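# Observations on the model geometry
Each chain, written out:
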Amino acid sequence: MAKPNPKGPSTTVKVYCSKCRGQLFRYRKGGTGSLVKCFKERIVEDYTSGDGACPHCSQVFGREALIRGAPAFKIIGGKVFFKK
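Summary of the structure given here. (Residues numbered from 1 in each chain as written. Predicted model: local features only at pLDDT ≥ 70, side-chain atom pairs only at ≥ 80, totals over all residues. Heavy atoms only, no water.)

Read from one edge to the other, the open sheet built from three strands follows the order S3-S6-S5, with strand pairing classed as antiparallel. Of all the strands in the sheet, just strand S3 (37-39) and strand S5 (62-67) have a single pairing partner and so form its edges. Sheet twist, expressed as the average angle between the axes of neighbouring strands with direction ignored, equals 30°. As defined by bridge partners, S5 adjoins strand S6 (residues 70-75) across six bridges and the pair is classed as antiparallel. Residue pairing for S6: Ala 65 is matched across the bridge by Ala 72. (Pairing = 2+ DSSP bridges. Helix = DSSP H or I, 4+ residues; strand = E, 2+ residues; numbered from the N terminus. Axes fitted to C-alpha atoms, helices over the stretch in contact; angles between N-to-C directions.)

Working note: non-glycine residues mostly have negative phi, and peptide bonds are mostly trans. Its identity as a non-glycine residue notwithstanding, Ser 58 has a phi of 65°, on the positive side. As for its placement among the helices and strands, Ser 58 is situated in the loop between strand S4 (43-46) and S5. The phi torsion at Arg 68 lies on the positive side, around 55°, for a residue other than glycine. Inspection of the secondary structure puts Arg 68 in the loop between S5 and S6.

Laid out in structure tokens, this is it:
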């Protein structure tokens, strides 16, 4: 399968922890659906330590995975929300 476009979409969203409302990162998201996976190459600003856990409350919000050959976070349902 083809790798995702590293440039990706131009619109960014802010991703927050649903438990403590702390900001996790800014992400270039395409489409209108929910946030299921986050490709690491599309993260603009990362406020986490890169381990898939919230830096404020230590809640795990995603697992590291290879999707289409690119490193990504698979988001656990209900652990994060995003705003434009």
